[in-house]
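Commentary on secondary and tertiary structure
In case you want the letters, here they are:
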Amino acid sequence: MSQDRVYAALAKCPGEYLSGEELSRELGITRAAVWKAVEALRHQGYAIEARTGRGYCLVETQEKLERREITSYLGQDRPNWQVCGEVDSTNSLCKRLAMEGAPDGTAVIADCQSAGRGRRGRSFQSPAGMGIYFSILWRPEVPPQDLMSLPALGAVAACRAVEEVCGVCPEIKWPNDLVLHGKKLGGILTEMAMESESGLVEYVVLGIGINVCQHREDFEGEVADMASSLETELGEKVSRPRLAAALLHQMDALRREALCSPEKWLAEYRRCCLTLGAQVQLIAGERRSTAVALDVDETYGLVVRRSDGTVDTVRSGEVSVRGLYGYVPEKE
Ligand code: BTN
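Everything quoted here is computed from the prediction, not taken from an experiment. (Residues numbered from 1 in each chain as written. Predicted model: local features only at pLDDT ≥ 70, side-chain atom pairs only at ≥ 80, totals over all residues. Heavy atoms only, no water.)

In this section: the packing of helix α1 (residues 2-11) against helix α4 (residues 67-74). Their axes nearest at 10 Å, the elements α1 and α4 cross at an angle of 60°. Considered as vectors, α1 and α4 are oriented oblique to each other. Seen from above, α1 lies across α4 with right-handed handedness. Side by side, α1 and α4 meet where Q3, D4, Y7 and A8 of the first sit next to R68, E69 and S72 of the second. (Axes fitted to C-alpha atoms, helices over the stretch in contact; angles between N-to-C directions. Helix = DSSP H or I, 4+ residues; strand = E, 2+ residues; numbered from the N terminus. Parallel < 35°, antiparallel > 145°, perpendicular 65-115°, else oblique. Left-handed = near helix turned anticlockwise from the far one by under 90°. Contact = heavy atoms within 4.5 Å.)

The structure is reproduced here in structure tokens:
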């Protein structure tokens, strides 16, 4: 579609003028078609200035998290992904699509979630215009235990996407919180369904939420003291569509690579994991105990040394890290 191509050409150099002639040559369409596309884009709310003798210029405004903008960063076409303005939860939508037969690799990106969900039945604040809410559906024919490491691997892929776009790699709080400068940037929720006859996974949905543009006052309730956003921490603008495109790329890479080169991904996880070496509090129901995190094993379990000296591997439950999110454990 000419509009998408004209948008992509202008978006490559926002704030700069491109002449109608250059655009027509680059895109192989007439100057009249360029002008028609610009008019249509303006009607859709894009701020494009036109100056005689200079051409057209996309005025730098906050980019929308829409299909056209994300496509302009994707480079090549990718099937089976959709962008929603508002949805209850991208994970829930992906699960509904899975039940309707959507294929492996189907991805959903939303600008806003009315019922965003976090781990342990918590909600995930997902206001419009501020974050990225992303879910991807896979249909690997493996037993569920083969996917135990998926939430952790998803965190590595999300870190790679942030680093690609912002030049800074977040840390990971075991198992999969994304953390920057000691504040939570986002998290991951993985859900799966199993086929009872075969005992194999029917589908798995990996959902990622990243806070991008929020200011401190945008976070409500108990997360207000521990959450932050990329823009607040980095002090500069971050393009949500560019980050969404990077997430799509990295999730596709995860699907292709992780099962055949698990050591590479595990090494990257260990490098990013801020929990390693830290004093932690293990919370299992009502029970709390302190320990030191020693390692992350091949199945992404957290190896800890308890205060009585025993070494154990933790696979579930809540783990607080000393000094993070305001947690300071009592002296033993
Ligand atoms: C957590 O930190 O507890 C996990 C948060 C996961 C949030 C993402 S946003 C996209 C996807 N859809 C949801 O409803 N949740 C996940």
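Around the ligand, a shell composed of 18 residues is seen, among which S89, Q113, R117, R119 and K184 lie nearest. Q113 is positioned with one of its side-chain polar atoms (N or O) 2.9 Å from a nitrogen atom of the ligand. One of the backbone nitrogen or oxygen atoms of R119 is found 2.7 Å away from an oxygen atom of the ligand. Protein contacts shield 97% of the accessible area of the ligand, which totals 420 Å² for the unbound molecule. Mapped onto the shell around the ligand, the elements with two or more residues apiece are α5 (90-99), β5 (131-138), β8 (183-194) and β9 (201-211). Here the shell around the ligand gets four residues from one element, more than from any other, and that element is β8. A per-class count over the shell around the ligand returns five nonpolar, ten polar and three charged. (Near = heavy atom within 4 Å. Polar contact = N/O pair within 3.5 Å; in protein donor to acceptor, adjacent residues only side chain to side chain. Areas by Shrake-Rupley, 256 points an atom, 1.4 Å probe, with all protein chains shown as cover. Nonpolar A, V, L, I, M, F, W, Y, C, P; charged D, E, K, R; others polar.)

Once that is clear, we can look at the environment of L150. Relative to the assigned elements, L150 resides in helix α6 (residues 150-166). It is 8.0 Å that separates the C-alpha atoms of L150 and L206, two residues lying 56 residues apart in sequence. Excluding its chain neighbours within four sequence positions, the residues that come into contact with L150 are W138, T190, V204 and L206.

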